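# Descriptive analysis of the structure
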Amino acid sequence: MITLKDIAKECGVSFSTVSKALKDSSEISKETIDCIKKKAEEMGYHPNIAARTLRTNRTYDLGVIFEDKTGSRLQHQYFAKILSGLQEVAQTKGYDITFTGSALNKNYDYYTHAIGRNFDGVAILSADFENEGIKRLLKSDIPTVTLDYIFDKNHTAIISDNNVGMKELIEYVIQQGHKKIAMIHGEETLVTKERKKIFLETTKAHGIHIPDEYFAQGLYHDPITSSEATNILLSLPNPPTCIFFPDDYSALGGIKVINSKNLTIGKDISIVGYDGIMLTSMLLPPLTTYEQDGEKIGKLIGKELIKNIEQRNEYENKNFLVSGRILYGGSVAKIDEK
């Protein structure tokens, strides 16, 4: 088995220099780090996890909580990008990630499970924050980072800027002349409440009144509930000219209903998505949507969680806002709405 001492001998440096270089220590120059890592790879070096665990009192295992009511899991491209970014950072730093939790058991004790698995830290990507196990986990000494949820000032949260995303989309739709704008939203989460709030504030600022019947509830990443909601909205005596969907994948259900009514998207009816997944960019016309930067979010979650673990006493918790961008497709028609 190749050891750090073997690498140090080959590189003509000390054992401690090799150890620091493989941890990307700022005490070592980038040139030296690159040289040592290259030599370690050539020699077939693999870290001894058991020895490292004993030496540092860490398991180098990060728990990931990802509840998903629709069962799509990694098929959800947005979350897949987040997990990919998180895993990339984790692997670079020598950590593994382990999924934990059950969407089927509302009484699942995340805290007890995290303790039992001896996770060094936990990334909470999607969960019911009223769950007692989640609350216990957040109040514990286990380092955590939450996605789109601010617990308190003593915890780090990574927030996809829904305020900016929704506002930019609504402003664009209004600029295209739309006043009869409907919204199909996901389940009542904090993200949903935030998006609805921005939706109403922005339309009100333009003097646009949104009637209650223009709001319909579905589920995130669920075309079935979105198709049902779309059918209801289009059957109204005074139907909307533009429909906002909870996310791009959910919009596929609405598109199916629209096509079945022989309506042309981007002409007879306008639609808007959210997330910016590749699939909807292939549609004709491409979907106008807001692309969330999932990869950047995932990397930031991994970076901050590991920093919290490794710099426990010096780490400063804070909230990070990550913005995305509008993808202008052809799904929003320009109209002269009287």
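Right, let's walk through the structure included here. (Residues numbered from 1 in each chain as written. Predicted model: local features only at pLDDT ≥ 70, side-chain atom pairs only at ≥ 80, totals over all residues. Heavy atoms only, no water.)

## A short note on the overall build of the protein chain
Summing up its helical and strand segments, the protein chain has 13 helices and 12 strands in all. The proportion of buried residues among the 338 residues of the protein chain is 48%. Within the protein chain, counting contacts between residues at least 6 apart in sequence, those at least 24 apart form 71% of the total. Of the roughly 17500 Å² of accessible surface on the protein chain, 50% is carried by carbon and sulfur atoms. Taking the average place of the 41 positive charges on the side chains of the protein chain and the average place of its 45 negative ones, the gap between the two points comes to 2 Å. (Helix = DSSP H or I, 4+ residues; strand = E, 2+ residues; numbered from the N terminus. Buried < 20%, exposed > 50% of the residue type's maximum accessible area, 1.4 Å probe, protein only. Contact = heavy atoms within 4.5 Å. Areas by Shrake-Rupley, 256 points an atom, 1.4 Å probe, with all protein chains shown as cover. Lys, Arg positive; Asp, Glu negative; His and termini not counted. Charge placed at Lys NZ, Arg CZ, Asp CG, Glu CD.)

## Brief notes about the nonpolar core
Core analysis: the largest hydrophobic core is formed by 36 residues, its most contacted members being Met-166, Phe-199, Ile-243 and Phe-244. For this core, the elements supplying multiple residues, two or more each, are α8 (162-175), β6 (181-185), α9 (190-205), α10 (223-234), β8 (242-244), α11 (248-260) and β9 (270-272). The biggest single contributor to this core is α8, with 6 residues. Setting aside residues up to four positions removed in sequence, Phe-244 forms contacts with Met-166, Leu-169, Ile-170, Val-173, Ile-181, Ala-182, Met-183, Ile-184, Phe-199 and Val-272. Within the second largest apolar cluster, 25 residues are counted, among which are Leu-62, Ile-82, Ala-123 and Ile-158. (Core = buried A, V, L, I, M, F, W, Y, C linked by side-chain atoms within 4.5 Å.)

## Here we look at the sheet that holds β9
Judged by pairing direction, the sheet is parallel, and its 4 strands sit side by side in the order β7-β6-β8-β9 without closing on themselves. The open sheet has two edge strands, β7 (215-217) and β9, and neither has a second partner. Across the sheet, the mean angle separating the axes of adjacent strands is 20° when strand polarity is ignored. Where β8 meets β9, 3 bridges bridge the pair, whose relative direction is parallel. The partner of Ile-243 across the bridge, within β9, is Ile-271. (Pairing = 2+ DSSP bridges. Axes fitted to C-alpha atoms, helices over the stretch in contact; angles between N-to-C directions.)

## Quick notes on the packing of α8 against α9
As a packed pair, α8 and α9 sit with axes 9 Å apart at the nearest point and diverge in direction by 35°. With respect to the hand of their crossing, α8 and α9 are arranged in right-handed fashion. Contacts between α8 and α9 involve Asn-162, Asn-163, Met-166, Lys-167, Ile-170, Glu-171 and Ile-174 from the former and Val-191, Glu-194, Arg-195, Ile-198, Phe-199, Thr-202 and Thr-203 from the latter. Tallied by class, residues from the contact of α8 with α9 come to 6 nonpolar, 4 polar and 4 charged. (Left-handed = near helix turned anticlockwise from the far one by under 90°. Nonpolar A, V, L, I, M, F, W, Y, C, P; charged D, E, K, R; others polar.)

## Some details on the environment of Val-272
With respect to the helices and strands, Val-272 occurs in strand β9. Looking at Val-272, the relative accessible area reads 0%, which means it is buried. Put simply, Val-272 and Asp-152 are 120 residues apart on the chain and 33 Å apart in space, counted from C-alpha to C-alpha. Each residue touching Val-272, except ones within four places of it in the same chain, is listed here: Leu-169, Val-173, Cys-242, Ile-243, Phe-244, Phe-245, Leu-287, Thr-288 and Val-332.

## So, the sheet that holds strand β3 (residues 121-126)
Across a sheet, strands are paired by hydrogen bonds formed along the backbone, either parallel or antiparallel in direction. Ordered in space as β2-β1-β3-β4-β5-β11, the 6 strands form an open sheet in which the pairing is parallel. If you trace the sheet from one side to the other, it starts and ends with β2 (96-100) and β11 (319-322), each paired once. Strand-to-strand twist across the sheet, computed as the mean angle between neighbouring axes with direction ignored, equals 20°. Bridge count between strand β1 (residues 61-66) and β3: 5 bridges; the pairing is parallel. The residue of β3 that forms the bridge with Gly-63 is Val-122. In the packing of helix α13 (residues 294-310) onto the sheet, the strands contacted are β1, β3, β4 (144-147), β5 (156-160) and β11, and the crossing angle to β4 comes to about 160°.

## Re the pattern of salt bridges
Using the criterion set out here, one finds 13 salt bridges in the structure. Put simply, Lys-196 and Glu-188 hold a salt bridge, and the shortest N to O gap is 3.2 Å. On the basis of relative accessibility, which here comes to 22%, the residue Lys-196 falls in the partly exposed class. Among the ionic contacts, a cluster of salt bridges with common partners joins Glu-88, Glu-295 and Lys-299. (Salt bridge = Lys/Arg side-chain N within 4 Å of Asp/Glu carboxyl O.)

## A word on the packing of aromatic side chains
The tally for this structure, following the rule as stated, stands at 8 aromatic pairs. Geometrically, the ring pair formed by Tyr-60 and Tyr-95 is tilted, given 4.9 Å between the ring centres and 50° between the ring planes. Taken together, the residues span a long stretch of sequence, with Tyr-60 in the loop between α4 (49-56) and β1 and Tyr-95 in the loop between α5 (77-92) and β2 at a distance of 35 residues. Across the pair, exposure class does not vary: Tyr-60 and Tyr-95 are buried alike. Grouping aromatic residues by their ring pairs yields a cluster made of Phe-66, Tyr-78 and Phe-79. Stacked on the ring of Tyr-274, the Lys or Arg Arg-195 has its end atom at 3.8 Å from the ring centre. (Phe/Tyr/Trp six-rings, centres within 6.5 Å; stacked < 30°, edge-to-face > 60°. Lys NZ or Arg CZ within 6 Å of the ring centre and 35° of its normal.)

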